[in-house]
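One-letter residues, chain by chain:
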Amino acid sequence: MDSNHLSPLRKGVVGVQFLFVAFGATVLVPLLVGLDPSTALFTAGISTLLFHLVTKGKVPIFLGSSFAFIAPIIKATELYGLAGTLSGMVGVAMVYFVMSALVKWQGIRLIERLFPPVVIGPVIILIGLSLAGTGVNMAKENWTLALLSLFTAVIVSIRAKGLLKLIPIFCGIIMGYIAALIFYDVDMSGVRNAAWLGFPQFVFPQFSWEPILFMMPVAIAPVIEHIGDVYVVNTVTGKDYVKDPGLHRTLLGDGLACLCAGLLGGPPVTTYSEVTGAMSLTKVTNPQVIRIAAITAILFSVIGKVSALLKSIPSAVLGGIMLLLFGTIACAGIANLVNNCIDLSRTRNIIIVSLTLTIGIGGAVLAWGEFSLSGIGLAALVGVGLNLVLPREER
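Bear in mind the structure is a predicted one, so any value in this text is a computation, not a measurement. (Residues numbered from 1 in each chain as written. Predicted model: local features only at pLDDT ≥ 70, side-chain atom pairs only at ≥ 80, totals over all residues. Heavy atoms only, no water.)

**Quick word on the overall build of the protein chain**
Next, step 1: Counting its regular elements, the protein chain contains 18 helices and four strands.
Next, step 2: Here the protein chain has a C-alpha radius of gyration of 21 Å; the compact-globule value for 395 residues is 21 Å, and the two agree.
Next, step 3: By its C-alpha atoms, the protein chain is 65 × 50 × 45 Å across when sized along the principal axes.
Next, step 4: Counting every position in the protein chain, which comprises 395 residues, the buried fraction comes to 54%. (Helix = DSSP H or I, 4+ residues; strand = E, 2+ residues; numbered from the N terminus. Rg over C-alpha atoms; globule rule 2.2 N^0.38 Å. Buried < 20%, exposed > 50% of the residue type's maximum accessible area, 1.4 Å probe, protein only.)

Dropping the structure here:
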């Protein structure tokens, strides 16, 4: 299908369909970390449009809520409060800006030197496993709903065809929610009392250095994921966005998008491979269609009933989805190591992977005065440092 010759109506239909693919994941992140799902939809739409502005409207990428920041946001909220945590998005954006400048200056080889798979793989594993206990605790509230949601997502992932296969999380949530409405007592008073039209609940950051420094190391993995996603989009579209408009522009756009989302009270955003998969299936790769999806997200965000409905989803349903979701993220980290042929019989690689995992999972804390660094951020810095200082073994 030549997406450049679609009628305006068909572009609109496909654009809404693309949002449907991204919808479940985009609203799940704020539901898990205590943010407003309507705000996440609004910031996803605004961030995507901002990304397209920076990349000259050439790159068909949709930006939605990033799963990589679920654990760090929950931990940072405990330490610094929600307003302080949102200021940490400044740190996330700074990492993207620095990487953009490095790519512009030295090309992608410097990034590969600093963040090879032996570092990124265990960091992604940590992102997946760090909240496994939270998922189990949420599921324990009602194992029936949790397992129904989980099994639905698994079956859709394995058996579904076409676009349905791209939204297993969304299908699991819908099935669990329907079962909760039929067999259990779900408080719908918030939905009944919500206005049809209403602005998202914007939360503005309260700036301090501690959450900014806490969040900066966490951004390393999403930056590498961004680079990989751009190459995937290259393959799907048959174009080279690394050269035009340039990888430095896509990184800059993603960084500005994260900054914009944080300033308005939304979670950090990242490139959505689900939408890229939908483009591959439909053969519609026109960036205009992605912008229609972004505008649709903004329109959805001002429907008060939608936000109230999302907030009424039982936590056990979300817990069941989390069991699959966080394990899937961890598997992506393992796949990163396997696909890049990381030889774990080599002492150097064993040391980097082992210390990254044990420091991240074990709860190590680096404290200096009132500042402290722990968890995924500390583990990522340790991995990068070890990769730079440990001598490389001769093959």
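**Regarding the side chain of threonine 39**
Next, step 1: Looking at the secondary structure, you find threonine 39 in helix α2 (residues 37-54).
Next, step 2: Note on threonine 39: relative accessible area 0%, which makes it buried.
Next, step 3: Separated by 3.1 Å, the side chain of threonine 39 and the backbone oxygen of glutamine 201 make a polar contact.
Next, step 4: In contact with threonine 39, other than residues within four places in its own chain, are Pro200, Gln201, Phe202, Leu264, Gly265 and Gly266. (Polar contact = N/O pair within 3.5 Å; in protein donor to acceptor, adjacent residues only side chain to side chain. Contact = heavy atoms within 4.5 Å.)

**Points about a nonpolar patch on the surface**
Next, step 1: Where nonpolar side chains cluster on the molecular surface, the patch consists of Ile174, Ile178, Leu181, Ile182, Phe183 and Tyr184 and spans about 600 Å² of accessible area.
Next, step 2: Here isoleucine 174 shows up in helix α8 (residues 168-183). (Patch = residues over 30% accessible without salt bridge, like charges linked within 9 Å, V, L, I, M, F, W, Y side chains within 5 Å. Areas by Shrake-Rupley, 256 points an atom, 1.4 Å probe, with all protein chains shown as cover. Salt bridge = Lys/Arg side-chain N within 4 Å of Asp/Glu carboxyl O.)

**So, the confidence of the model for the protein chain**
Next, step 1: Residues with a pLDDT of 70 or more make up 96% of the protein chain, whose mean pLDDT is 85.
Next, step 2: Averaged over each element, pLDDT in the protein chain is lowest for strand β4 (residues 371-374) (65) and highest for α2 (94). (pLDDT = per-residue confidence, 0-100.)

**Points about the nonpolar core**
Next, step 1: Among the nonpolar cores identified, the biggest contains 105 residues, and Phe18, Leu28 and Phe62 are the most heavily contacted of them.
Next, step 2: Ranked by residues supplied to this core, first place goes to helix α1 (residues 8-33) with 12 residues.
Next, step 3: Setting aside its immediate chain neighbours within four residues, phenylalanine 18 contacts Val275, Ala278, Met279, Thr282, Val284, Val289, Ile290 and Ala293. (Core = buried A, V, L, I, M, F, W, Y, C linked by side-chain atoms within 4.5 Å.)

**Quick word on α8**
Next, step 1: A rise of 1.5 Å per residue sets the reference length of α8, with its 16 residues, at 22 Å; its end C-alpha atoms lie 22 Å apart and thus fit the reference within 8%.
Next, step 2: Of the positions making up α8, those classed as buried are Pro168, Ile169, Phe170, Cys171, Gly172, Ile173, Gly176, Tyr177, Ala179 and Ala180.
Next, step 3: Looking at the buried positions of α8, the neighbouring elements they touch are α1, α7 (143-159), α15 (304-311) and α16 (315-339). (Expected span 1.5 Å × (residues − 1).)

**Some words on α7**
Next, step 1: End to end, α7 covers 23 Å across 17 residues, agreeing with the expected 24 Å (1.5 Å per residue, within 8%).
Next, step 2: Buried positions along α7 lie against α6 (132-139), α8 and α16.

**Digging into the packing of aromatic side chains**
Next, step 1: Summed over the entire model, instances satisfying the criterion amount to three aromatic pairs.
Next, step 2: With 5.3 Å between their ring centres and 70° between their planes, phenylalanine 42 and phenylalanine 202 make a pair best called edge-to-face. In this pair, phenylalanine 42 sits in helix α2 while phenylalanine 202 sits in the loop between α9 (189-193) and α10 (209-215), placing the two residues 160 residues apart along the sequence.
Next, step 3: On the accessibility criterion, phenylalanine 42 (17% relative accessible area) is buried.
Next, step 4: The exposure class assigned to phenylalanine 202 is partly exposed, which follows from its relative accessible area of 30%.
Next, step 5: On the numbers, 6.1 Å between centres and 70° between planes, the contact of tyrosine 80 with phenylalanine 214 is edge-to-face. Of the two residues, tyrosine 80 is situated in helix α3 (residues 70-106) and phenylalanine 214 in helix α10; the sequence distance between them amounts to 134 residues.
Next, step 6: Its relative accessible area of 5% is what places phenylalanine 214 among the buried residues.
Next, step 7: The ring of tryptophan 196 has lysine 305 lying over it, and the distance from NZ or CZ to the ring centre is 5.5 Å. (Phe/Tyr/Trp six-rings, centres within 6.5 Å; stacked < 30°, edge-to-face > 60°. Lys NZ or Arg CZ within 6 Å of the ring centre and 35° of its normal.)

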